Amino acid sequence: MDPLNNMIARHYSRGSLGPTLLAALDERAGLPLGTLIEQLGAVDEFHVGGRAATQALADAMKLRPGQNILDIGCGLGGTARLLATRHNVRVTGIDLTAEYVEVGNNMNARLGLSGQIELVCGNALALPFAARGFDAATMLHVGMNIANKSALFGGIARTLKPGGKLAVYDIMRTGEGALSYPVPWASEASMSFVEARPFYRSALEAAGFAVYGEADRRELALTFLATVKARTGTAPALGLPLLMGDDAAQKLTNLSTQIEAGLIAPVQILAYLP
Ligand SMILES: C[S@@+](CC[C@H](N)C(=O)[O-])C[C@H]1O[C@@H](n2cnc3c(N)ncnc32)[C@H](O)[C@@H]1O
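Everything numeric here is computed off the predicted structure, so don't read it as measured data.

Our focus in this paragraph is the sheet that holds strand β3 (residues 117–121). Each strand in a sheet pairs with its neighbour through backbone hydrogen bonds, running either in the same direction (parallel) or in the opposite one (antiparallel). Strand order in the open sheet made by the 7 strands is β3-β2-β1-β4-β5-β7-β6, with mixed pairing throughout. Lying at the two open borders of the sheet, with one neighbouring strand each, are β3 and β6 (210–216). Taking each pair of neighbouring strands and ignoring which way they run, the sheet shows an average axis angle of 15 degrees. Relative to strand β5 (residues 160–173), strand β4 (residues 134–140) runs parallel, the two being bridged by 6 bridges. Bridging from a neighbouring strand, threonine 138 pairs with alanine 167 of β5. Across the face of the sheet, helix α5 (residues 78–87) comes into contact with β1 (68–72), β2 (90–95), β3 and β4 while running at roughly 160 degrees to β3.

Ranked by size, the top nonpolar core spans 62 residues in total, and within it Leu21, Leu63, Trp185, Leu243, Leu255 and Ile264 carry the most contacts. Setting aside residues no more than four positions away along its own chain, leucine 21 makes contact with Val43, Leu76, Val103, Met107, Leu238 and Leu242. Ile72, Leu127, Ala157 and Phe209 belong to the second largest nonpolar core, which has 29 residues in total.

Put simply, helix α2 (residues 17–27) and helix α6 (residues 98–111) touch, their axes get as near as 10 Å, and they point 20 degrees apart. Comparing the axis directions of α2 and α6 gives the class roughly parallel. Every pair of crossing elements has a handedness; the one defined by α2 and α6 is right-handed. Residues Leu17, Gly18, Leu21, Leu22, Leu25 and Asp26 of α2 lie in contact with α6, whose contacting residues are Glu99, Tyr100, Val103, Asn106, Met107, Arg110 and Leu111. Across the contact of α2 with α6, the residue classes break down as 8 nonpolar, 2 polar and 3 charged.

On to the site of the ligand. Taken together, the neighbourhood of the ligand is formed by 21 residues, with Phe46, His47, Gly73, Asp95 and Thr97 sitting nearest. Residue histidine 47 places a side-chain N or O atom 2.5 Å away from an oxygen atom belonging to the ligand. For the ligand, the accessible surface in isolation is 590 Å², of which the surrounding protein chains cover 99%. Partitioned by chemical class, the residues of the shell around the ligand number 10 nonpolar, 8 polar and 3 charged.

Let us look at the pairing of β1. The buried fraction of β1 amounts to 4 of the 5 residues, a majority that puts the element mostly inside the structure. The parallel pair β1 and β2, bridged by α5, forms a crossover whose chirality is right-handed. Relative to β4, β1 runs parallel, the two being bridged by 4 bridges. Looking across to β4, one finds that isoleucine 69 is bridged to alanine 136.

The next thing to look at is the packing of aromatic side chains. Counted under the stated rule, the structure contains 5 aromatic pairs. Ring centres 5.9 Å apart and planes at 85 degrees place the aromatic pair tyrosine 12 and phenylalanine 46 in the edge-to-face group. Taken together, the positions of tyrosine 12 in helix α1 (residues 3–12) and phenylalanine 46 in the loop between α3 (33–44) and α4 (50–61) put the pair 34 residues apart, joining distant regions of the chain. A centroid spacing of 5.5 Å and a plane angle of 85 degrees characterise the contact between phenylalanine 129 and phenylalanine 134, whose relative ring orientation is edge-to-face. Looking at phenylalanine 134, the relative accessible area reads 7%, which means it is buried. Through successive ring pairs, a cluster of aromatic residues spans Tyr12, Phe46 and Tyr100.

With that settled, consider the environment of leucine 243. Structurally, leucine 243 can be placed in helix α10 (residues 241–244). On the accessibility criterion, leucine 243 (2% relative accessible area) is buried. Spatially, the C-alpha atoms of leucine 243 and valine 43 are 7.5 Å apart, while their sequence positions differ by 200 residues. With near-sequence residues (within four places) excluded, leucine 243 lies in contact with Tyr12, Arg14, Leu17, Val43, Phe46, Leu76 and Tyr100.

The next thing to look at is α2. Inspection of α2 places Leu17, Gly18, Leu21, Leu22, Ala24 and Leu25 among the buried residues, and these make up the whole buried set. Buried residues of α2 fall within an arc of 150 degrees about the axis and therefore sit on the same side. More than 90 degrees from the buried face of α2, the exposed residues found are Pro19 and Glu27. If you follow the buried residues of α2, they end up packed against α3, α6 and α10.

We now examine unusual backbone geometry. Geometrically, the link from tyrosine 181 to proline 182 is a cis peptide bond, its omega value of 5 degrees lying close to zero. By the secondary structure assignment, proline 182 is in the loop between β5 and α8 (197–206). Phi at arginine 132 takes a positive value of approximately 60 degrees, unusual for a residue other than glycine. By secondary structure assignment, the location of arginine 132 is in the loop between β3 and β4. The backbone of histidine 141 shows a phi angle near 55 degrees, a positive value even though the residue is not glycine. Within the fold, histidine 141 resides in the loop between β4 and α7 (149–159). The exposure class of histidine 141 is buried, given its relative accessible area of 10%.

About the criteria used
- Residues numbered from 1 in each chain as written.
- Predicted model: local features only at pLDDT ≥ 70, side-chain atom pairs only at ≥ 80, totals over all residues.
- Heavy atoms only, no water.
- Pairing = 2+ DSSP bridges.
- Helix = DSSP H or I, 4+ residues; strand = E, 2+ residues; numbered from the N terminus.
- Axes fitted to C-alpha atoms, helices over the stretch in contact; angles between N-to-C directions.
- Contact = heavy atoms within 4.5 Å.
- Core = buried A, V, L, I, M, F, W, Y, C linked by side-chain atoms within 4.5 Å.
- Buried < 20%, exposed > 50% of the residue type's maximum accessible area, 1.4 Å probe, protein only.
- Parallel < 35°, antiparallel > 145°, perpendicular 65-115°, else oblique.
- Left-handed = near helix turned anticlockwise from the far one by under 90°.
- Nonpolar A, V, L, I, M, F, W, Y, C, P; charged D, E, K, R; others polar.
- Near = heavy atom within 4 Å.
- Polar contact = N/O pair within 3.5 Å; in protein donor to acceptor, adjacent residues only side chain to side chain.
- Areas by Shrake-Rupley, 256 points an atom, 1.4 Å probe, with all protein chains shown as cover.
- Right-handed = clockwise from strand over helix to strand, strands pointing away.
- Phe/Tyr/Trp six-rings, centres within 6.5 Å; stacked < 30°, edge-to-face > 60°.
- Arc of directions from axis to C-beta.

Below, the structure written as structure tokens:
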């Protein structure tokens, strides 16, 4: 792995997630799968807006049962589990961080979802999948770690069937000014590649995509972050701070302050291959 991606994977790795999350599943043994998936969303959906944001994205994509979906930068696999269980699709996830992939696959095995979801460790810029194998792709809060967005979207386009959809949900630039670190996706500026909507649109179009929908999720973000911050420090067993280490509170404060100041916001972009 190159030094930058190594640093990014270290930023996300905690080394302790397996025992914590499997214990959380043990404590909830016997609960219906849908309830478990709902409760896990507080920790395994590592993006602003959590499960509600994923659900909004999935609804906008109009997925059909039986489709093959690729989730880029799948993290612990929360998005994959939601798509598989609520939309009855097959999901392949890929992520740079080995700990997320291992723990996510172990969670899937416990939940009886291994036949429907496969998470693999790898780089979104070198996708190890056959051309034209997927009906659609999702990418939630990943582009902020990847500088070359044209190469990223070009690689995704190669894996999609004609007519295939891509749904992106990233933190994007909405105003001028230097960003403060750490934030949830980067400990320092050298790991952060936040861009504005026109940059994403150009990169998508250069890769052959047509953009058919865009939505700024600033208001959802402010409500969501106020709730997460209120819970930080009260040590909930399951919550995003579990993924962010000792400086979780600082990361969340920097994120919400900069969204409030209008520098950045989560944005959803929908595109398809004509
Ligand atoms: C903020 S997390 C989001 C995880 C997941 N999409 C979610 O919403 O729960 C960003 C993820 O992107 C992954 N990532 C960053 N750069 C990547 C790359 N070049 N290839 C694959 N995954 C990458 C990280 O390992 C991390 O799991």
